[in-house]
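# Examination of the molecular architecture
Each chain is listed here by its residues.
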Amino acid sequence: MELICTKKELKEKLDACREKGLTIGLVPTMGALHEGHASLVRRSVAENDVTVVSVFVNPTQFNDKNDLKNYPRTLEADCALLEREGASFVFAPSVEEMYPEEDTRVFSFAPLDTVMEGACRPGHFNGVAQIVSKLFYAVEPHKAYFGEKDFQQLAIIRRMVQQLGIGVEIVGCPIVREADGLALSSRNTLLSPEERMRALTISRALFESKEFACGNSLSATRAFVENYIKNTPGLELEYYLIVDGDTLQEVQEWSDTGYAVGCIALFCGNVRLIDNIKY
Ligand code: PAF
């Protein structure tokens with residue numbers, strides 16, 4: 001495995017791979033890697049000759065300066081994990097390398113980006129589109145891997161590659177959970193032991209709502225989750241919406257969609273967590 005920090009060196013190495021006819025998989029990450037990322041890397045290693053993992057905390061997707069400052073950075077441990085999982089290249093550029101000048105591109109993925117995370121985190125998906133498109137141009141991967149925990153991000157990246165005409169196959173991979181159900185997230189390391197216990201309520205509420213949903217209306221199921229969270233001290237619900245998994249627009253009745261997904265965002269103390277469940 002090689003650690004690369006510039007686009008020029010990355011291009012040289014990958015051009016050599018392409019000349020040999022090798023296929024390239026890309027796993028974009030912001031580092032602080034956990035088993036969820038490892039599952040994406042394993043999938044890429046299984047499906048491609050060469051796997052590039054980018055580790056870059058992208059400033060343009062943070063709408064909260066403190067969140068950017070506190071985001072965990074653990075490159076050494078990340079490289080150890082990636083070596084174990086069989087990645088070929090780790091691409092860990094500086095901010096100047098990725099943004100030699102300000103990226104003034106403005107994307108619109110309406111109505112996918114006007115709801116949920118797009119509504120709560122202004123500019124977030126524009127920043128995601130800026131960096132992911134730059135990574136696609138730098139790596140030119142055959143396939144790119146994203147986790148379904150960021151359900152809306154995955155839908156928006158699929159739309160972005162259509163809009164920009166980028167010939168990469170986007171592969172969505174299932175959420176990986178702790179044994180007790182908490183969805184893995186780099187932000188989980190920021191939770192105090194007490195907050196970590198409270199955060200367990202999120203997956204419990206979602207799993208139990210799936211049982212509740214059999215025989216109950218969509219609005220009752222939404223209220224079930226909302227009340228579950230509101231009745232847990234220390235958790236502050238930002239939204240719980242049941243949406244159509246393709247359009248990301250809210251649905252009012254189960255019969256409105258064949259693909260209902262419940263998406264939640266909340267604060268556990270100062271840590272913002274998201275999760276989702278397919279009904
Ligand atoms: O999901 C993430 O970790 C980030 O949003 C991504 C896709 C690596 C872009 O910075």
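All residue numbers here refer to positions counted from 1 along the written sequence of the relevant chain. For this predicted model, a pLDDT threshold of at least 70 governs which residues receive local features, and a threshold of 80 or more governs which side-chain atom pairs are given and counted, while totals over whole chains, interfaces and linings are taken from all residues. Side-chain metrics rest on all non-hydrogen atoms present in the structure, leaving aside hydrogens and water.

Here we take up the nonpolar core. The tendency in soluble globular proteins is for nonpolar side chains to be buried side by side. Counting residues in each nonpolar core, the largest one holds 47 residues, and the members touching the most others are Val52, Phe136 and Ile170. Looking at which element gives the most residues to this core, the answer is helix α7 (residues 124-139), with nine residues. Apart from residues no more than four positions distant in its own chain, Val52 is found in contact with Leu10, Leu14, Ile24, Gly25, Leu26, Val27, Phe89, Phe91 and Val139. Only buried Ala, Val, Leu, Ile, Met, Phe, Trp, Tyr and Cys residues count toward a nonpolar core, and they belong to the same one when joined by side-chain atoms within 4.5 Å. Three exposure classes are used, based on accessible area relative to the maximum for each residue type with a 1.4 Å probe and protein chains only: buried under 20%, partly exposed in between, and exposed over 50%. Formed by 20 residues, the second largest nonpolar core is a distinct cluster that contains Leu182, Ile202, Val271 and Ile277. Numbering of helices and strands runs from the N terminus; a helix is a DSSP stretch of H or I covering at least four residues, while a strand is a stretch of E covering at least two. Throughout, a contact is declared for two residues whenever any of their heavy atoms are within 4.5 Å.

This paragraph deals with the packing of helix α9 (residues 193-213) against helix α10 (residues 218-230). Fitting a line to C-alpha atoms yields each axis, with helices limited to the stretch in contact; the angle taken between N-to-C directions then spans 0 to 180 degrees. It is at 9 Å that the axes of α9 and α10 come closest, and there the two elements cross at 155°. With respect to each other, α9 and α10 are oriented roughly antiparallel. Here α9 and α10 pass one another in a crossing that is right-handed. The segment α9 lies against α10, with Thr201, Ile202, Arg204, Ala205, Leu206, Glu208, Ser209, Phe212 and Ala213 engaging Ala220, Thr221, Phe224, Val225, Tyr228 and Ile229. Only Asp, Glu, Lys and Arg are considered charged in this grouping, and only Ala, Val, Leu, Ile, Met, Phe, Trp, Tyr, Cys and Pro are considered nonpolar; every other residue, Gly among them, is considered polar. For the contact of α9 with α10, a count of residues per class yields ten nonpolar, three polar and two charged. In these notes the angle categories are as follows: under 35 degrees is roughly parallel, over 145 is roughly antiparallel, 65 to 115 is roughly perpendicular, and the rest is oblique. Left-handed describes a crossing whose near helix is turned anticlockwise from the far helix through less than a right angle; right-handed describes the clockwise counterpart.

Let us now look at empty space enclosed by the protein. Put plainly, a pocket is an open set of points on a 1 Å grid over the protein atoms alone with protein on both sides within 12 Å along at least five of seven lines, a cavity is a set where a 1.4 Å probe fits but cannot get out, and a lining residue has an atom within 4 Å of a point. Grid points are joined across faces, edges and corners, and a volume is the space filled by probe spheres set on the points. The tally for this structure, following the rule as stated, stands at one cavity of 30 Å³ or more. By volume, the largest cavity amounts to about 50 Å³. Lys149, Leu182, Ala183, Ser185, Asn188, Ile202, Leu273, Ile274 and Asp275 together form the lining of the largest cavity. No other element matches the three residues that strand β9 (residues 271-278) contributes to the lining of the largest cavity. Here the residues of the lining of the largest cavity are counted per class, giving five nonpolar, two polar and two charged.

Moving on, we come to the site of the ligand. Here a residue is considered near a molecule or strand provided that any single heavy atom belonging to it is located within 4 Å of it. Near the ligand you find Pro28, Thr29, Met30, Asn58, Gln61, Ile131, Val132, Phe146, Asp150 and Gln153, and these make up its full shell. Note that an oxygen atom of the ligand is positioned 2.6 Å from one of the side-chain N or O atoms of Gln61. For the ligand, an oxygen atom lies 2.7 Å from a polar atom in the side chain of Gln153. Using a 1.4 Å probe, accessible areas were evaluated by the Shrake-Rupley method; residue-level cover was limited to the displayed protein chains. Protein contacts shield 89% of the accessible area of the ligand, which totals 290 Å² for the unbound molecule. Residue assignment for the shell around the ligand shows that the elements contributing at least two residues are β2 (24-29) and α7. For the shell around the ligand, the per-class residue count stands at five nonpolar, four polar and one charged. Distance and chemistry together define a polar contact, namely a pair of N or O atoms within 3.5 Å, with one atom able to donate a hydrogen and the other to accept it when in protein, and with adjacent residues in sequence counting only for side-chain atoms on both sides.

Attention shifts here to the pattern of salt bridges. Any carboxyl oxygen of Asp or Glu that lies within 4 Å of a side-chain nitrogen of Lys or Arg is treated as forming a salt bridge with it. By the definition in use, this model includes 18 salt bridges. Lys8 is the partner of Glu12 in a salt bridge, and the nearest nitrogen-oxygen pair spans 3.3 Å. You can see Glu12 and its partner Lys8 sitting in helix α1 (residues 7-19), four residues apart, about one turn around the helix. When its relative accessible area of 47% is taken as the criterion, Glu12 is described as partly exposed. The exposed category is assigned to Lys8, whose relative accessible area is 62%. Overlapping salt bridges bring together Lys11, Asp15 and Arg18 as one network.

Turning to the sheet that holds strand β7 (residues 235-244), a few remarks are in order. Spatially, β7-β8-β9 is the arrangement adopted by the three strands of the open sheet, whose pairing is antiparallel. Both outer strands of the open sheet, β7 and β9, are each paired with one neighbouring strand and no more. Pairwise comparison of adjacent strand axes, ignoring direction, gives a mean angle of 15° for this sheet. Strand pairing is assigned whenever DSSP identifies at least 2 bridges connecting the two strands. As defined by bridge partners, strand β8 (residues 260-268) adjoins β9 across eight bridges and the pair is classed as antiparallel.

The next thing to look at is the packing of aromatic side chains. Pairing of aromatic side chains requires ring centres within 6.5 Å, counting the rings of Phe and Tyr and the six-membered ring of Trp. Pairs whose planes differ by under 30 degrees are stacked, by over 60 edge-to-face, and all others tilted. Overall, the coordinates contain eight aromatic pairs when judged by the stated rule. Aromatic pair Phe56 and Tyr99: ring centres 6.4 Å apart, planes at 35°, arrangement tilted. Separated by 43 residues along the polypeptide, Phe56 in the loop between β3 (50-55) and α3 (65-70) and Tyr99 in the loop between α5 (95-98) and α6 (116-120) bring together distant segments of the chain. With respect to burial, Phe56 and Tyr99 carry one shared label: buried. Between the aromatic rings of Phe136 and Phe146, the centroid separation amounts to 6.4 Å while the plane-to-plane angle is 80°, which identifies the pairing as edge-to-face. One end of the pair, Phe136, is in helix α7; the other, Phe146, is in strand β5 (residues 143-147), with ten residues separating them in the sequence. Of the two residues examined, Phe136 and Phe146, each falls in the buried class. Linked through ring pairs, Phe212, Phe224 and Tyr228 together constitute an aromatic cluster.

Glancing now at the sheet that holds β2. Strand pairs in the sheet, formed through backbone hydrogen bonds, run parallel or antiparallel to each other. Strand order in this open sheet of six strands is β1-β4-β3-β2-β5-β6, and the pairing throughout is parallel. Each edge of the open sheet is held by one strand with a lone partner, namely β1 (2-4) and β6 (169-173). Averaged over all adjacent pairs, the angle separating strand axes in this sheet is 25°, with direction ignored. Relative to β2, α7 is tilted by about 150°, and along the sheet it contacts β2, β3, β4 (89-91), β5 and β6. The strands touched by helix α8 (residues 151-164) are β5 and β6; relative to β6, the strand with the most contacts, the crossing angle is about 175°.

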